[in-house]
Amino acid sequence: QIERKYANLIRNAHLHLSYMYLITYNFVKCIYHGKILLRLAEEAKTNGAADKTLKLPALPPVPPVTLYTVHCYIAESLCMLGKFPESLEHLEKAAEISLDHEGQQFLVRDFEMKFRKIAFPASPASWEQSSEKLNLKIVNRLNKCVVYLCNGEFEMARRGFDEVIS
């Protein structure tokens, strides 16, 4: 009962611990807390229904923005540990989460993630008139390029950068 009552607090603690360990270069602990959060998210999906016999409330689902963020944290940590295929797997999962059921970038529309809509100019003179946005599709591709660079796969990184530019 206590875990259900404080489910969001527990999830937030693991998300913030994962981030704290990431920025302090303790990648193993970052991955550890990130995976706990992913396990809690899965449990909320499978066992999160309300139990009227025990008077347990339903577990709220973990927001997609949280899942996206934790997959990115884990991917960065795995990359720093030299586990490039696993890192790319988490980036793929993050990219899948970043799309809603209509194939639109949900995070760009969410108010929590407005900072993701960074305008960039076609040329320095047209900064004010630019309607192009750095969206999550581009961010996801650039994240993969970084993993390819770290792994020494320069041709794959170049192809990824070319896709982003074109």
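Residues numbered from 1 in each chain as written. Predicted model: local features only at pLDDT ≥ 70, side-chain atom pairs only at ≥ 80, totals over all residues. Heavy atoms only, no water.

1. Section: the overall build of the protein chain
- Scanning the protein chain from terminus to terminus reveals 8 helices and 2 strands.
- Counting helices and strands in the order they occur from the N terminus, the protein chain gives α-α-α-α-α-α-β-β-α-α.
- Looking at the protein chain residue by residue over its 166 residues, the buried ones come to 37%.
- Long-range pairs, those at least 24 residues apart, make up 55% of the contacts in the protein chain between residues at least 6 apart in sequence.
- When the accessible surface of the protein chain is totalled, it reaches about 10,700 Å², and 59% of it is carbon and sulfur. (Helix = DSSP H or I, 4+ residues; strand = E, 2+ residues; numbered from the N terminus. Buried < 20%, exposed > 50% of the residue type's maximum accessible area, 1.4 Å probe, protein only. Contact = heavy atoms within 4.5 Å. Areas by Shrake-Rupley, 256 points an atom, 1.4 Å probe, with all protein chains shown as cover.)

2. Here's the deal with the confidence of the model for the protein chain
- Of the residues in the protein chain, 70% reach a pLDDT of 70 or more, and the chain-wide mean stands at 78.
- Below a pLDDT of 50 lies the segment residues 108–118, which in the model reaches 14 contacts outside its immediate sequence neighbourhood of four places, other chains included.
- Counting interchain partners and residues more than four positions distant, the pLDDT-below-50 stretch residues 126–131 has 6 contacts. (pLDDT = per-residue confidence, 0-100.)

3. A few points about the environment of lysine 144
- Here lysine 144 shows up in helix α7 (residues 136–150).
- Measuring from C-alpha to C-alpha, the distance between lysine 144 and leucine 91 comes to 6.9 Å, with 53 residues separating the pair along the chain.
- Ignoring any residue separated from it by four or fewer positions in sequence, one finds lysine 144 in contact with Leu88, Leu91 and Glu92.

4. Section: helix α4 (residues 64–80)
- With 17 residues, α4 should cover 24 Å at 1.5 Å per step; its first-to-last C-alpha distance of 24 Å lies within 8% of that length.
- Where α4 ends, the next residue or the one after it, glycine 82, has phi of about 80°, a positive value. (Expected span 1.5 Å × (residues − 1).)

5. Topic: the pattern of salt bridges
- Counted according to the given criterion, the structure contains 7 salt bridges.
- We note a salt bridge from glutamate 43 to arginine 39, for which the minimum N-O separation is 3.0 Å. Of this pair, glutamate 43 and arginine 39 both sit in helix α3 (residues 27–47), separated by 4 residues, roughly a single helical turn.
- Among the ionic pairs, aspartate 162 bridges to arginine 158, the shortest N-O distance being 2.7 Å. With aspartate 162 and arginine 158 both in helix α8 (residues 154–165), this residue pair falls 4 residues apart, about one helical turn.
- Since its relative accessible area comes to 42%, arginine 158 is described here as partly exposed. (Salt bridge = Lys/Arg side-chain N within 4 Å of Asp/Glu carboxyl O.)

6. Here's the deal with the layout of surface pockets
- Of the pockets and cavities examined, the largest pocket occupies roughly 290 Å³.
- Taken together, 15 residues form the lining of the largest pocket, with Lys137, Asn140, Arg141, Lys144 and Glu163 sitting closest to its centre.
- Those elements that provide at least two residues to the lining of the largest pocket are α5 (84–97), α7 and α8.
- Among the elements that take part in the lining of the largest pocket, α7 stands out by supplying 6 residues, more than any other.
- Class assignment of the residues belonging to the lining of the largest pocket gives a composition of 5 nonpolar, 4 polar and 6 charged. (1 Å grid on protein atoms, 1.4 Å probe; cavity = no way out; pocket = protein on both sides within 12 Å on 5 of 7 lines; lining within 4 Å. Points joined across faces, edges and corners; volume = space filled by probe spheres on them. Nonpolar A, V, L, I, M, F, W, Y, C, P; charged D, E, K, R; others polar.)

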